[in-house]
Amino acid sequence: MVVPEKKINSTEIFDGYILKVVKDEVSLGEGKKAFREVVRHKGAAAVIAVDEEKNAFFVEQFRYPVDMPLFEAPAGKLDPGEEPIECAKRELLEECGITAENWTYLGPMLSSPGFCDEVIHLFLAENLSESAPDPDEDEFLDIIKLPLSEVLEKIRKGTIPDAKTQILVLRACDLFGVK
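Treat the numbers as computed from the prediction; the structure is a model and nothing was measured. Positions within a chain are numbered from 1, following the residues in the order the chain's sequence is written. Residue-level local features of this predicted model are given only where pLDDT is at least 70; pairs of side-chain atoms are given and counted only at 80 or more, and the full residue set underlies all totals for whole chains, interfaces and linings. The basis for the side-chain values is all heavy atoms of the structure; hydrogens and waters are excluded.

Trainee: Residues and numbers for the side chain of Glu91, please.
Mentor: Here Glu91 lies in helix α1 (residues 84–96). Throughout, exposure labels follow a simple rule: accessible area from a 1.4 Å probe, protein chains only, divided by the maximum for the residue type, with under 20% read as buried, over 50% as exposed, and the rest as partly exposed. Residue classification places Glu91 among the buried residues on the basis of a relative accessible area of 4%. What makes two residues a contact is simply this: any of their non-hydrogen atoms within 4.5 Å. Excluding residues that lie within four positions of it along the chain, Glu91 makes contacts with Pro74, Ala75, Gly76 and Cys96. Labels follow the DSSP assignment, with helices taken as runs of H or I lasting at least four residues and strands as runs of E lasting at least two, numbered in each case from the N terminus.

Trainee: Talk me through the packing of helix α2 (residues 148–157) against helix α3 (residues 163–176); I want residue IDs and the actual numbers.
Mentor: In contact at an axis separation of 10 Å, α2 and α3 are set at 135 degrees when each is read in the N-to-C sense. Comparing their axes, α3 and α2 come out oblique. As α2 runs across α3, the sense of the crossing is left-handed. Contacts between α2 and α3 involve Leu148, Val151, Leu152 and Ile155 from the first element and Thr165, Gln166, Val169, Leu170, Ala172, Cys173 and Phe176 from the second. As a working rule, the residues Ala, Val, Leu, Ile, Met, Phe, Trp, Tyr, Cys and Pro are called nonpolar, Asp, Glu, Lys and Arg charged, and the rest polar, with Gly in that last group. Among the residues making up the contact of α2 with α3, the classes are represented as 9 nonpolar, 2 polar and no charged. Axes, fitted as lines to C-alpha atoms, cover a helix only where it is in contact. Angles between the N-to-C directions of the axes lie from 0 to 180 degrees. Orientation is classified from the angle alone, with under 35 degrees giving roughly parallel, over 145 giving roughly antiparallel, 65 to 115 giving roughly perpendicular, and any other angle giving oblique. Throughout, a crossing is termed right-handed when the near helix is turned clockwise from the far one, and left-handed when it is turned anticlockwise from it by less than a right angle.

Trainee: Can you lay out the state of the cysteines for me, pointing to particular residues and giving the numbers?
Mentor: Two cysteine sulfur atoms form a disulfide, by the criterion used here, when they sit within 2.5 Å. Overall, the coordinates contain 0 disulfides when judged by the stated rule. Cys96 supplies the cysteine sulfur nearest to Cys87, a cysteine that is in no disulfide, at a spacing of 13 Å. In this structure Cys87 comes out as buried when scored by relative accessible area, which is 0%. No disulfide involves Cys173; its sulfur sits 17 Å from that of Cys96, the nearest cysteine. A relative accessible area of 3% places Cys173 in the buried class.

Trainee: Which residues make up the packing of aromatic side chains, and what values go with them?
Mentor: Aromatic contacts are taken between Phe, Tyr and Trp rings whose centres are within 6.5 Å, Trp giving its six-membered ring; a plane angle under 30 degrees counts as stacked, one over 60 as edge-to-face, and the others as tilted. Counted under the stated rule, the structure contains 3 aromatic pairs. Ring centres of Tyr105 and Phe123 lie 5.1 Å apart, and the angle between their planes is 55 degrees; this geometry places the pair in the tilted category. One end of the pair, Tyr105, is in strand β8 (residues 98–110); the other, Phe123, is in strand β9 (residues 119–130), with 18 residues separating them in the sequence. On the accessibility criterion, Tyr105 (43% relative accessible area) is partly exposed. Aromatic ring contacts, followed pair by pair, group Trp103, Tyr105 and Phe123 into a single cluster. For a ring to carry a charge above it, either NZ of a lysine or CZ of an arginine must fall within 6 Å of the ring centroid while also lying within 35 degrees of the normal to the ring plane. The positively charged end of Lys23 is found above the aromatic ring belonging to Phe35, 4.8 Å away from the centroid.

Keep in mind these values describe shape, not function.
Structure follows, in structure tokens:
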């Protein structure tokens, strides 16, 4: 039986540039209470850009929290008041130098709902035009263009651990009939 939890009170633990951490006391019903530590995030958008030959564009960048470079779909956090589609367009242009004529919303992804409220909005970009990328000054990226089938094989082998990238590739492969 699913029991909704109701917030009783909340204490802010940390308020940073990208996230906030709170400790909430919640009611579990029948007089029971518990504490939940929650990471509050502004949200993000991620995009898989696929060309006419079923090649997709990715970036590889070092990710400090996991101490390794990751192969990822272009993505970034939402600016205040920014719509997810605008964030996806901005990130694809900044990170890969790509614009697209056609955009399809592929739905939301909850990155880790056991402790974080981050929602990553997923998009497919098609009918692409390439130009020079313009990454943020603290981003050091390699742009990688690969056939969807090759990326799918990497996911099957377990060499792409990034969840948003896995979901985007799997959704794109479904849409384009890539096995």
